[in-house]
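# Structure assessment
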Amino acid sequence: MIDTSKAHPARVYDWLLGGKDNYPVDEAVGERLPAEARDAARQNRQFMHRASAWLAAQGVDQFLDIGTGIPTPPNLHQVVQDIAPSAKVVYTDNDPIVLRHAEALLVSSAEGVTDYIQADVRQPESIVRHARQVLDFGRPIALSLIALMHFITDEQDAHGIVRDLVATLPAGSYLVLSHAASDLYPELAAQVTAEYAKGGIELGFRSRAEVARFFDGLDLVSPGLVTATEWGTDPATEPEGSGIYAGVARVR
């Protein structure tokens, strides 16, 4: 059952990316957001593309993507299967509309596998239980949490959820995470948080130190925890301003 009376992060994100799979209640939130919110959605998406391609090039061929959102090509499996055709990708989101579109659009290459589970990151055990049916947890897995954890507050134990998910991964796996910053553009962050709250969506933007905690015990790969537009781009080029932190780290 799709609840069209309340805005949903996946559908607001779709609207910000210029998609059409959203409802008036989602559009109403998006319309009130500052223009920079559209830039942030695009920057998040581009970071995901670069990070996923980098991981596939390192030989990672298993991906668990939580907070998938409504499919927008190129999707994660398209990026990685272009490099590693036999890659397996498990997508997860808690919005039924994502499932509807996932079944139609998240179609694997002939050699690889894509699967989808409707589940909430706040229930990591059910996600991992399903993912084990598709992914081999004896080999490296990339856990992708793109623009997700700022929708989970400290009261909901955001850091504990990520810690529990990472604990299920074998050595040589990776955590890929992007997260809205509270300290890069504080006034914009406060405005975005307030507008989402009007739509019934609680946000927990975090400082760099708070985002860094998600990577505790892991080895950040170069260039470390930076803004989304600095990760995987030409260091000789001045990056576009971004209010998003992003990083990729290896599980020991």
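For the structure, check the block above.
Residues numbered from 1 in each chain as written. Predicted model: local features only at pLDDT ≥ 70, side-chain atom pairs only at ≥ 80, totals over all residues. Heavy atoms only, no water.

## Here's the deal with the pattern of salt bridges
- As enumerated under the stated definition, the model contains 11 salt bridges in all.
- Across the pair Arg32 and Glu195 runs a salt bridge, and its minimum N-O distance is 2.9 Å. Of the two residues, Arg32 sits in helix α2 (residues 24–32) while Glu195 sits in helix α8 (residues 186–198), which places them 163 residues apart along the sequence.
- In this structure Arg32 comes out as partly exposed when scored by relative accessible area, which is 32%.
- The closest approach of N and O atoms between Asp219 and Arg252, which form a salt bridge, is 2.9 Å. (Salt bridge = Lys/Arg side-chain N within 4 Å of Asp/Glu carboxyl O. Helix = DSSP H or I, 4+ residues; strand = E, 2+ residues; numbered from the N terminus. Buried < 20%, exposed > 50% of the residue type's maximum accessible area, 1.4 Å probe, protein only.)

## Focus: α2
- Taken together, the buried positions of α2 are Asp26, Val29 and Gly30. Viewed along the axis of α2, the buried residues span an arc of 95°, placing them on a single side of the element. Counted as exposed and oriented over 90 degrees from the buried face of α2: Pro24 and Glu31.
- In this structure, the buried residues of α2 make contact with α1 (9–16) and α8. (Arc of directions from axis to C-beta. Contact = heavy atoms within 4.5 Å.)

## Focus on helix α6 (residues 124–131)
- Those residues of α6 not exposed but buried are Pro124, Ile127, Val128, His130 and Ala131. Looking straight down α6, one finds its buried side chains confined to an arc of 165°; they lie on one side. Projecting away from the buried face of α6 at angles above 90 degrees are the exposed residues Glu125 and Arg129.

## Concerning the packing of α1 against helix α3 (residues 36–57)
- Relative orientation of the contacting elements α1 and α3 amounts to 100°, with a least axis distance of 9 Å. It follows that α1 is roughly perpendicular to α3 by the angle criterion. Here α1 contributes Tyr13, Trp15 and Leu16 to the contact with α3, which in turn contributes Ala37, Arg38, Ala41, Asn44 and Arg45.
- Class assignment of the residues belonging to the contact of α1 with α3 gives a composition of five nonpolar, one polar and two charged. (Axes fitted to C-alpha atoms, helices over the stretch in contact; angles between N-to-C directions. Parallel < 35°, antiparallel > 145°, perpendicular 65-115°, else oblique. Nonpolar A, V, L, I, M, F, W, Y, C, P; charged D, E, K, R; others polar.)

## Some thoughts on the packing of aromatic side chains
- Tallying each qualifying case throughout the model produces four aromatic pairs.
- With a centroid separation of 5.8 Å and an interplanar angle of 90°, the aromatic rings of Trp54 and Tyr174 are classed as edge-to-face. With a gap of 120 residues between them, Trp54 in helix α3 and Tyr174 in strand β5 (residues 174–180) connect regions that are remote in the sequence.
- On the accessibility criterion, Trp54 (29% relative accessible area) is partly exposed.
- Ring centres 5.9 Å apart and planes at 70° place the aromatic pair Phe151 and Tyr196 in the edge-to-face group. Here Tyr196 lies in helix α8 and Phe151 lies in the loop between β4 (142–146) and α7 (158–167), a separation of 45 residues in the sequence. (Phe/Tyr/Trp six-rings, centres within 6.5 Å; stacked < 30°, edge-to-face > 60°.)

## Structural notes on the nonpolar core
- Counting residues in each nonpolar core, the largest one holds 35 residues, and the members touching the most others are Leu64, Ile66, Leu143, Leu145, Met149 and Leu175.
- Looking at this core, the elements with two or more residues in it are β1 (62–66), α6, β4, α7, β5 and β8 (244–250).
- Among the elements that take part in this core, α7 stands out by supplying five residues, more than any other.
- Ignoring sequence-local partners within four residues, the contact set of Leu145 consists of Ile66, Val162, Leu175, Val176, Leu177 and Ser178.
- Judged by nonpolar contacts, the second largest core, of 32 residues, contains Val80, Ile146, Tyr174 and Ile244. (Core = buried A, V, L, I, M, F, W, Y, C linked by side-chain atoms within 4.5 Å.)

## Here we look at the side chain of Ser52
- Here Ser52 lies in helix α3.
- Under the relative-accessibility criterion, Ser52 is labelled buried at 5%.
- Here Met48 takes part through its backbone oxygen, which lies 2.8 Å from a polar atom of the side chain of Ser52. (Polar contact = N/O pair within 3.5 Å; in protein donor to acceptor, adjacent residues only side chain to side chain.)

## Concerning the pairing of strand β2 (residues 88–93)
- For β2, a buried count of five out of six residues is recorded, marking the element as mostly surrounded by other parts of the structure.
- With five bridges joining them, β1 and β2 adopt parallel strand pairing. The residue bridging Gln62 from the neighbouring strand is Lys88, located in β2.
- Note on the crossover from β1 through helix α4 (residues 76–83) to β2: the handedness is right-handed. (Pairing = 2+ DSSP bridges. Right-handed = clockwise from strand over helix to strand, strands pointing away.)

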